[in-house]
Structure formats: C-alpha cells, structure tokens
Amino acid sequence: MQTDILISGAGPAGLAAACVFGAEGHRVTLVDPAPPVTGEDAPGADLRTTALLQPARDLLDRAGAWAGLAPHAMPLDVMRITDASQDPPISRDFDASDISDTAFGWNFPNWLLRRELLARVAELPTVTTRFDTAVTGLFTRSSGARVTLSDGSRLRADLVVACDGRDSPLRDLAGIGARTVDYAQTALVFAVRHDHPHENVSTEIHRSGGPFTLVPLPDRDGCHRSAVVWMDDAQAHARRMDLSDAAFEAEVNDRSAQVMGPLTLVSPRAAWPIISRLADRLTAPRLALAAEAAHAMPPIGAQGLNTSLKDIAALRDLVASEGVGTPAMLRAYQRRRWPDIAARMAGIDALNRTSKLDIGAAQAFRARGIAALHDIAPIRRGLMRLGLGT
C-alpha cells in the first residue's frame, strides 16, 4: 500500500497533523497502538486540559477542525502570575487586549480535543486510520520509506511523521538520540469548583516546588470550575496521591493562597512525571520528528502542544514548497524549527527552576523580576507575543 504521509501517534498532535495534511489533499495514514480515548468518564481518559493559543487556532481553522472545537472553547483573556511567597502576595496581569483584539487562547479538556479532532479526521476522504496497530519497522531510501506494522502489513510512504510521544519508538528506529532532564517533579492534574468566578483569567501561583495553575473551565451545574496543574516534588506528590479527598483538599487550599476562594475537588487526580527531553536532531531520511517525539517540556505557559502544532504548521508549509519528504524539505524543517524549539525549552527550563526556589532571598528576587517584566510595557508586550509565537 502507498500513502503520501504516514503519521504515527494519535494523540492531539498526531490527530491534528492528520487533519492538517488531509485538508491539504494528501493521502494520509494515521496509526496508533490504541484508539484515542474520547470520553470524559472512559477508562484511560486524559483529564488534563490544554490551552490552544492563537496560532494553533489558525492552523486548526484552516484544517476545518476549529468549527467542532469552538463551541467548547473557554477563552483565556488574562494570564495572572501571583507570587505567594511574599506577604502580601504580588500579582501581575498579562492582558491579551494589550496586543490583540482576541483572547490569548482557548482551553479544552484533552479528551475533548481528541474527540473533536478524530471527528474531523473521519470527515476527510484522503485520511485512513489504523488503530490497534503499531510501527515495528522502518526502512528508508531516497525513493521513500517502507514501514512495517504490528499486524505484519507494510506501507510505503513519501514522509513519515513521528508524533508517537516522548518515548518515541520511531525515534529509536531511526537511531536518533535524545537528551533528558529529570526535574524530580510530578504534575498533579484535577478539576475544582470555587466560589469566585474565574472571569477567563488563568492564574499561575508561585511559592516553592513549582507553579500551581488554575485554568478556566466552563461552569457546570451552576458552579464555577477550573482545571488545576500543580507541579511539586515527586515524593511530596506521591504522598498527596494517597491522601483522602478531604485531606488533599486541605493541602490544595493552602497552596492556592485562596485566590479563587475555597476549592472543592470535583474530579479524580492524575499524576504525570515532569521531564524535559530534546531529540538530538529532528529528521532522518524520509522521517520528521514532531511534538513530544521531538521535544517534551514541563507544562508551563501553554507551550507544550502549541509548540507541537508549530511543528505541524512548518511541515505543512514545507511539504507544499519543497515536496513531500524530500531532502530539501527535511533540511528546511530542521533549520526552521530547531532554534525556536531550543529557545522555548531553555526558557521553560529557566522558569521551572525559578519557580522551585524555596530560599527567601531568591523568592524575593523572583517576585521583583515578575513585577519588573510586567511593569515595563515594551517588555511585557514582547513577552506576550513571544509566548504566543507571533
């Protein structure tokens, strides 16, 4: 069987890539060892949330996928950074209206992203899905790639796109190494209800151990709700995972600095280890690494999936200008994406290390730095544009 583009991995990035390339008329085959979990209460559902920033919306809109997502979008109009290590806490608001006439981004549960992107994939006549199927072999030559699948079948593709996660089997098959930083941190993710309306404000609270972020969710049953991403020492979070709901809520409310009033747990808790991983290079013959196969980073500043979707946008444009999987196209992809990825990962690494500080003088320096970056208008606007990738 011949396909133009084979995509391995049906997470949000892989599904988005299938939408993008399929909407451009390419023959696409999407494979994954398991079908996407698309229900909130289904076993294995990803209860994390993701903010899609303005460039991601534009990418998905062109691919015809935004129409299904838009009714579920929760706008993020303000990014508030609070340093609760100070008395009183220091807060600064980064308002989208400073640089744009629309929101910074729109928040979605990850299971819902999968559901709506999969629905768009099903509408595209040039996209074939093969779930319950893994890539087990890769052989490349100048004329194309030959991919062996776990069911014994073989495909020929002009380009293979690896969106198969931070432990990417395709990256290993291509002999590409990766550098990893283990922060000895875990992110706990869960949803809460609270008394105060969030008013489309995402609030990132710093004290020690890592940021505690409240991200707006739609109201439900008359209650205000937010998703929480709480980064802290892995051992401390392992203990918290074993707490009763009441004991866990007590620690959550202490860490939140009561910025939204009392918080009540309304979902299960899930724990995700925090690492940074960067592939040694982004390409091999007829192969492009994208998303977490190329780069994994701590969940700060909504950079993870949005950086992944910038990879997909670059691949779309370069396929159009340089050909599908040609050496020129792959060289251009490496040149275009590597500097941006490396810079964003370095910035996120620095922010994460700063957020972990628990020494009084260092915390005071951090608080003053947040205030200075906000209060100098050209720097504030530049940082917001950099975060958006515009």
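Refer to the structure above for everything that follows.
Everything quoted here is computed from the prediction, not taken from an experiment.

So, the packing of helix 2 (residues 54–62) against helix 8 (residues 304–322)
Okay, so step 1: Two elements in contact, helix 2 and helix 8, have axes whose closest approach is 9 Å; the angle formed by their N-to-C orientations is 45°. If you check the angle between helix 2 and helix 8, you find them oblique. For the element pair helix 2 and helix 8, the recorded crossing hand is left-handed. Of the residues in helix 8, those touching helix 2 at A56, L59 and R62 are N306, L309, I312, A313 and R316.
Okay, so step 2: When grouped by side-chain class, the residues that make up the contact of helix 2 with helix 8 number 5 nonpolar, 1 polar and 2 charged.

Structural notes on the packing of aromatic side chains
Okay, so step 1: The full count for this structure, using the stated rule, is 5 aromatic pairs.
Okay, so step 2: Centroid distance F212 to W230: 5.4 Å. Interplanar angle 65°. Geometry classified as edge-to-face. Linking F212 in strand 14 (residues 212–220) with W230 in strand 15 (residues 223–233), this pair joins segments that are 18 residues apart in sequence.
Okay, so step 3: Taking the relative accessible area as the measure of exposure, F212 reaches 0% and is therefore buried.
Okay, so step 4: The class for W230 is buried, based on a relative accessible area of 2%.
Okay, so step 5: Ring geometry for W230 and F248: centres 6.3 Å apart, planes at 40°, overall tilted. Of the two residues, W230 sits in strand 15 while F248 sits in helix 7 (residues 245–255), which places them 18 residues apart along the sequence. With respect to class, W230 is no different from F248; both count as buried.
Okay, so step 6: Taken together, F190, F212, W230 and F248 form an aromatic cluster joined through their ring pairs.
Okay, so step 7: Above the face of the W272 ring, R48 is positioned so that its terminal group lies 3.5 Å from the ring centre.
Okay, so step 8: One residue, R269, lies across the ring of F248, its end atom 4.3 Å from the ring centre.

Describing unusual backbone geometry
Okay, so step 1: In the Ramachandran plot, E199 falls in the positive-phi region, its phi being about 55° despite a non-glycine side chain.
Okay, so step 2: Summarising the element assignment, E199 is placed in the loop between strand 12 (178–194) and strand 13 (201–206).

Concerning the layout of surface pockets
Okay, so step 1: If you add up the space inside the second largest pocket, you get close to 460 Å³.
Okay, so step 2: Lining of the second largest pocket is provided by 26 residues; of these, E40, A191, L217, R220 and R225 occupy positions nearest its centre.
Okay, so step 3: Among the secondary structure elements, those contributing two or more residues to the lining of the second largest pocket are strand 7 (105–109), helix 4 (110–123), strand 12, strand 14 and strand 15.
Okay, so step 4: With 5 residues, the top contributor of residues to the lining of the second largest pocket is strand 15.
Okay, so step 5: A breakdown of the residues in the lining of the second largest pocket according to their chemical character gives 15 nonpolar, 4 polar and 7 charged.

The rules behind the values
Here the residue numbers are simple positions, counted from 1 along each chain's written sequence. The model is predicted, so local features are restricted to residues of pLDDT at least 70 and side-chain atom pairs to those at 80 or more, both for listing and for counting; the totals for chains, interfaces and linings are taken over all residues. Values reported for side chains reflect all heavy atoms of the structure, with hydrogen atoms and water molecules removed beforehand. Axis lines are fitted to C-alpha atoms, over the contacting stretch for helices. Their N-to-C directions set the angle, which ranges from 0 to 180 degrees. Numbering of helices and strands starts at the N terminus; helices are DSSP runs of H or I of at least 4 residues and strands are runs of E of at least 2. Oblique is the label for any angle not under 35 degrees, not over 145, and not in the 65 to 115 range, which are roughly parallel, roughly antiparallel and roughly perpendicular in turn. Note on convention: near helix rotated counterclockwise from far helix by under a right angle means a left-handed crossing. Clockwise means right-handed. Contacts: residue pairs with any heavy atoms within 4.5 Å of one another. Charged means Asp, Glu, Lys or Arg here, nonpolar means Ala, Val, Leu, Ile, Met, Phe, Trp, Tyr, Cys or Pro, and polar covers whatever is left, Gly included. Here the aromatic set is Phe, Tyr and Trp, taking the six-membered ring for Trp, and pairing holds for ring centres within 6.5 Å; pairs whose planes are under 30 degrees apart are stacked, those over 60 apart are edge-to-face, and all others are tilted. The buried label applies to any residue whose accessible area, calculated with a 1.4 Å probe on protein chains only, is under 20% of its type's maximum; exposed applies above 50%, and partly exposed to all values in between. Here, a charge over a ring means that NZ of Lys or CZ of Arg falls within 6 Å of the ring centre while also lying within 35 degrees of the ring normal. Buriedness of a pocket was judged along seven lines, with at least five required to meet protein on both sides within 12 Å; pockets are open sets of points on a 1 Å grid over the protein atoms alone, cavities are sets where a 1.4 Å probe fits but cannot get out, and lining residues have an atom within 4 Å of a point. Grid points are joined across faces, edges and corners, and a volume is the space filled by probe spheres set on the points.

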